[in-house]
Amino acid sequence: MKLLGVIRDNNYLEYLNTSLDGLILPLENFSVDYFNYYSISDIREYKKSNKLCFVVINKMIFNNELDDLLNILKELENIKVDGVFFYDLAVLSLVKENNLTINLIYNGTHMVTNSDTINLYYDLGVKGAYLSNEITKDEVLNIRHNTKSDLFILLLGNPVVAMSRRSLLTSYFANKNKAKEDLITIKEPKSGQEFLVKEDSNGTTFFYNKRLNLSNVYKELKDSGVNYGIIEQGGFSSNQYKELIKAFVNFNKTKIDELAGHNRGFLYRETIYKVK
Amino acid sequence: MKKIELLAPAGDLERLKVVLLYGADAVYVGGEKLGLRANATNFSLDELKEGCTFAHNLGKRVYLTANIVFHDKDRIGMEEYIKEVIDCGIDAFIVSDLYLAKYIIDNFKSVEVHISTQDSITNLDSAKFYRDLGASRVVLARELSHEEIKEISSIPNLETEVFIHGAMCTCFSGRCTLSNYVTNRDANRGGCAQVCRFAFDYDSTDKFTLATKDLNMAMYIKDLIDIGVSSLKVEGRMRSLYYLATVIGSYRFLIDSIYNGTLTDEKLKEYEKRLDSVANRDTTTQYFNHLADVTDQYYTGRQEVSNQEYLGLIIGYDENMKSLILKERNYFKIGDEVEIFTPSGEIYPYKIETIYNEDNEKIDVARHPDEILKLPFNRRLIPYSMIRLIRKGEKSNV
């Protein structure tokens, strides 16, 4: 399994010297659900290294953005990035219509949950899929068994829970006549679950405030053939994050858990949908 | 030019009949599998067949929701189920998953495939993608403006469906799993617990809320017709008969009046007021004219208000007593001013002077929901006529 990083602090080039195989770079103005975004020139700069370079374009695209999106895709083709994570089918459409040579990865956030759909995307030329965080370990293994696609999985990070086009923090603080904040923590009182709420120009994202840590199944996922594991920096300092990367590379579960906790997400917890 | 479709929700067979009688051109329902309202009543195969026959006899259509984001195990029995519901006579599937959409398109030519709002279609290229796949219609994302809807509705050989009334999701459809993380109920497989309506702790003095007001597009129906939208969709499969009858009846009136050129400002205002009267939350037009903002949200923990103006459902006529037979829904009494309204659009102002119970004894007050009562009236009315209270200071709509 190759390890990819998502960097939250500004100096992303600093991580070229780590054992990460590459980085995922969310593209500014065209991606959501991240804390740091990168320009085309940032991506070009990073691509000078021999590390893997994946770019995220996962926002909902609106009509007035389609022309810019096509230009961006052409630039990414020129830069020869290793892959583009996409949500909106406009990306797939434009790549196909314009015969662009771009390796696409289906990044449907909560919708990448079954083998058939991943296989259909594969047949449509999408050779990778970033699995949803809300599926169980058995479902991940089953998908691996039933698909040819390159599979990406979040090994460590704060899962994205929801995304709105609304400027929910702007509205909330305006209503309360308080100074606006762009990042707050809220808690659902009954369940005790906490969420980070972050707003930017594309809307508002909710992140789960418990870091997901799949260290306990890392080896199993790796042995099963899941191709890429993603390790997000999140709130870790640069040194802690480097330690964490090292702990994955040399596989030291105790160290990973010590740094990142024990939230295994939905690995062993199937969601229900019919309440008797 | 084809007349715009009024598409209504129906959580069960009775609601299906009511909305079609009150003027919907088509109805969308959930079956026993693959739908996004796993906790609604939903239709058995027999009910689906009966519903399709009822609709088709009126020249109307039935769409079945199959819009879950499925997991591998949900796949078991999928093909058989698809075949069974097609045999019941449905006219279209509303689908979210790309695999399922393509499977139905490739294997069953007798039904249409409509792409669910769950896919949050927000642009021309993604809409065209689905058209080229073989879908006949896309249900547009609720986050679009007038101009964006217009542009997508101009795509040849593709119908667009737009929500016009009812509750809104706070987040993009398909991009929300708050329910999964708070209640372990899967939002994208029909278990949504509507966590966006909860109040969250933020600081010691205040709660954080993210709930939105409801949608009401009554004043823009003409615009939606003019920009080429094919279908106007009302949300609310779990809403009451009275709510559905009022909302569908009102939009039927508005659409027909626009087409025959008789809609006046006064009538539009009347019907807007009527729609507001059955809403249990405030309404706005959300993204149609501007990006949703501070005015489109709630900032208190509880948003719903109860509505008690629905007094009774008329279920028959007593020829001997020349009285309507009704099933009581909410408290009413001698002296109340009410309106009796019918699925065909007639409205009768009425003052309650006599109430009989089931034993034909006079009573002064109706206070037991579901009690069978009689009200003197000089003629029989068609089934599913209803009675609503006229509040003090409010004028009857006739």
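Keep in mind that what you see is a predicted model, and the values were worked out from it rather than measured. (Residues numbered from 1 in each chain as written. Chains lettered and ligands numbered in written order. Predicted model: local features only at pLDDT ≥ 70, side-chain atom pairs only at ≥ 80, totals over all residues.)

Remarks on the overall build of chain A
Next, step 1: Secondary structure assignment for chain A yields nine helices and 13 strands.
Next, step 2: For 276 residues, the compact-globule formula gives about 19 Å, and the C-alpha radius of gyration of chain A, at 19 Å, lands near that figure.
Next, step 3: Projecting the C-alpha coordinates of chain A onto the three principal axes gives extents of approximately 50 × 50 × 50 Å.
Next, step 4: Residue burial in chain A is summarised as follows: out of 276 residues, 50% are buried. (Helix = DSSP H or I, 4+ residues; strand = E, 2+ residues; numbered from the N terminus. Rg over C-alpha atoms; globule rule 2.2 N^0.38 Å. Buried ≥ 20, exposed ≤ 12 C-beta atoms within 10 Å, placed from the backbone.)

Some thoughts on the overall build of chain B
Next, step 1: For chain B, the helix and strand inventory stands at 10 helices and 22 strands.
Next, step 2: Taken over C-alpha atoms, the radius of gyration comes to 22 Å for chain B, in line with the 21 Å a tight globule of 398 residues would show.
Next, step 3: Projected onto the principal axes, the alpha-carbon positions of chain B cover approximately 65 × 55 × 45 Å.
Next, step 4: Per-residue burial for chain B yields a buried fraction of 51% across its 398 residues.
Next, step 5: Sequence separation of at least 24 residues holds for 65% of the intrachain contacts in chain B that already meet a minimum separation of 6. (Contact = placed C-beta atoms within 7 Å.)

Considerations on the domain arrangement of chain B
Residues and elements named next belong to chain B.
Next, step 1: One can read the domain layout of chain B as domain 1 (5–296) and domain 2 (310–389).
Next, step 2: Between the C-alpha centres of domain 1 and domain 2 the distance comes to 33 Å.
Next, step 3: Between domain 1 and domain 2, the residue contacts involve nine residues of the former and seven residues of the latter.
Next, step 4: Sorting the residues of the side of domain 1 that touches domain 2 by element identifies helix H1 (13–21) and helix H9 (241–259) as the ones contributing at least two each.
Next, step 5: Broken down by element, the residue count for the side of domain 1 that touches domain 2 peaks at five residues, all from H9.
Next, step 6: Residue composition of the side of domain 1 that touches domain 2, by class: seven nonpolar, two polar and no charged. (Domains from an automatic or database assignment. Nonpolar A, V, L, I, M, F, W, Y, C, P; charged D, E, K, R; others polar.)

Examining the interface of chain B and chain A
Next, step 1: The interface is formed by 52 residues belonging to chain B together with 52 residues belonging to chain A.
Next, step 2: At the level of secondary structure, the elements contributing two or more residues to the side of chain B that touches chain A comprise helix H4 (98–107), helix H5 (124–133), helix H6 (146–153), helix H7 (178–183), strand E8 (199–203) and strand E9 (206–209) of chain B.
Next, step 3: The element contributing the most residues to the side of chain B that touches chain A is H5 of chain B, with five residues.

Describing the domain arrangement of chain A
How big an interface is tends to be stated in terms of the accessible area lost upon association of its parts.
All names here are of chain A.
Next, step 1: Looking at chain A, the domain boundaries give domain 1 (2–157 + 215–260) and domain 2 (159–209).
Next, step 2: Relative placement of domain 1 and domain 2: their C-alpha centres are 24 Å apart.
Next, step 3: The partner domain 2 presents six residues to the seven residues of domain 1 that form the contact.

Describing the packing of helix H2 (residues 45–57) of chain B against helix H3 (residues 78–88) of chain B
Residues and elements named next belong to chain B.
Next, step 1: Contact geometry of H2 with H3 gives a least axis separation of 8 Å together with a crossing angle of 35 degrees. For the pair H2 and H3, contact is made by Leu45, Leu48, Lys49 and Cys52 and by Glu84, Val85 and Cys88, respectively.
Next, step 2: Taken together, the residues of the contact of H2 with H3 sort by class into five nonpolar, no polar and two charged. (Axes fitted to C-alpha atoms, helices over the stretch in contact; angles between N-to-C directions.)

A look at H6 of chain B
Next, step 1: Within the sequence span of H6 of chain B, burial applies to Glu148, Ile149, Ile152 and Ser153 of chain B. Down the axis of H6 of chain B, the smallest arc covering the buried residues is 130 degrees, so these residues share one side. (Arc of directions from axis to C-beta.)

What to know about the pairing of strand E4 (residues 92–95) of chain B
Residue and element names in this part refer to chain B.
Next, step 1: Direction of pairing for strand E3 (residues 61–66) relative to E4: parallel, over a ladder of four bridges. Within E4, the residue paired with Thr65 across the bridge is Ile94.
Next, step 2: Inspection of the sheet shows E4 paired to strand E5 (residues 112–115) by four bridges, in the parallel sense. Residue pairing in the sheet places Ile94 in a bridge with His114 of E5. (Pairing = 2+ DSSP bridges.)

Observations regarding the packing of H1 of chain B against H2 of chain B
Residues and elements named next belong to chain B.
Next, step 1: H2 packs onto H1 with a crossing angle of 10 degrees between their chain directions and a minimal axis gap of 10 Å. Of the possible angle classes, the one that applies to H1 and H2 is roughly parallel. The residues of H2 that touch H1, namely those facing Leu13, Leu16, Lys17 and Leu20, are Glu47, Glu50, Gly51, Phe54 and Ala55.
Next, step 2: Here the contact of H1 with H2 is built from residues that sort into five nonpolar, one polar and three charged. (Parallel < 35°, antiparallel > 145°, perpendicular 65-115°, else oblique.)

Thoughts on the nonpolar core
One broad rule of soluble globular proteins: the nonpolar side chains tend to lie buried together.
Next, step 1: Val55 of chain A together with Val19, Val27 and Ile248 of chain B are the most contacted members of the largest nonpolar core, which totals 207 residues.
Next, step 2: Among the elements that take part in this core, H9 of chain B stands out by supplying 10 residues, more than any other.
Next, step 3: In this structure Val55 of chain A touches Leu25, Leu27, Ile43, Leu76, Val81 and Val84 of chain A, once residues within four positions along its chain are discounted. (Core = buried A, V, L, I, M, F, W, Y, C linked by C-beta atoms within 7 Å.)

Remarks on the pairing of strand E9 (residues 183–187) of chain A
Every regular strand shows the same layout, with side chains that alternate between the two sheet faces.
All names here are of chain A.
Next, step 1: As paired strands, E9 and strand E10 (residues 194–200) are joined by five bridges and run antiparallel to one another. The residue bridging Ile184 from the neighbouring strand is Val197, located in E10.
Next, step 2: A loop of six residues connects E9 with E10, the two strands running antiparallel in sequence, and Gly192 in this loop sits at a positive phi of about 80 degrees.

Notes on H2 of chain B
Residue and element names in this part refer to chain B.
Next, step 1: The terminal C-alpha atoms of H2 lie 18 Å apart, and with 13 residues this matches the ideal 18 Å at 1.5 Å per residue to within 8%.
Next, step 2: Of the residues making up H2, those classed as buried are Leu48, Gly51, Cys52 and Ala55. Viewed along the axis of H2, the buried residues span an arc of 100 degrees, placing them on a single side of the element. Within H2, the exposed residues directed more than 90 degrees away from the buried face are Asp46 and Asn57. (Expected span 1.5 Å × (residues − 1).)

Re the confidence of the model for chain B
If pLDDT is low for a region, its predicted coordinates should not be looked at in detail.
Next, step 1: Model confidence for chain B is summarised by a mean pLDDT of 93, while 95% of its residues fall at 70 or above.
Next, step 2: Here the predicted complex carries an ipTM of 0.95, next to a pTM of 0.94. (pLDDT = per-residue confidence, 0-100.)

Things to note about the environment of Arg239 of chain B
Next, step 1: In this structure, Arg239 of chain B sits in the loop between strand E11 (231–234) and H9.
Next, step 2: Separated by 230 residues in sequence, Arg239 of chain B and Pro9 of chain B have C-alpha atoms that sit 8.6 Å apart.

Re the environment of Val113 of chain B
Residue and element names in this part refer to chain B.
Next, step 1: By the element assignment, Val113 lies in strand E5.
Next, step 2: Val113 sits in the buried class, given 23 other C-beta atoms within 10 Å.
Next, step 3: The contact partners of Val113, leaving out residues within four places of it in the chain, are Ala92, Phe93, Val95, Ala101, Ile104, Ile105, Gly134, Ala135 and Ser136.

Brief notes about unusual backbone geometry
Trans peptide bonds make up most of the peptide bonds, and negative phi angles are found at most residues other than glycine.
All names here are of chain B.
Next, step 1: You will see that Asn184, though not glycine, has its phi angle at about 65 degrees, which is positive.
Next, step 2: Following the sequence through the fold, Asn184 ends up in the loop between H7 and E8.
Next, step 3: We classify Asn184 as partly exposed; it has 17 C-beta atoms within 10 Å.
Next, step 4: Even without being glycine, Asp370 reaches a positive phi, approximately 85 degrees.
Next, step 5: Relative to the elements of secondary structure, Asp370 occurs in the loop between strand E20 (365–366) and strand E21 (372–376).

A short note on the environment of Ser171 of chain A
Next, step 1: On the secondary structure map, Ser171 of chain A appears in helix H6 (residues 168–176).
Next, step 2: C-beta crowding within 10 Å serves as the criterion here: with 22 such atoms nearby, Ser171 of chain A is assigned to the buried category.
Next, step 3: Ser171 of chain A sits 142 residues away from Asn29 of chain A along the chain, and the two C-alpha atoms are 21 Å apart.
Next, step 4: The contact partners of Ser171 of chain A, leaving out residues within four places of it in the chain, are Arg166 of chain A together with Asp293, Val294 and Gln297 of chain B.

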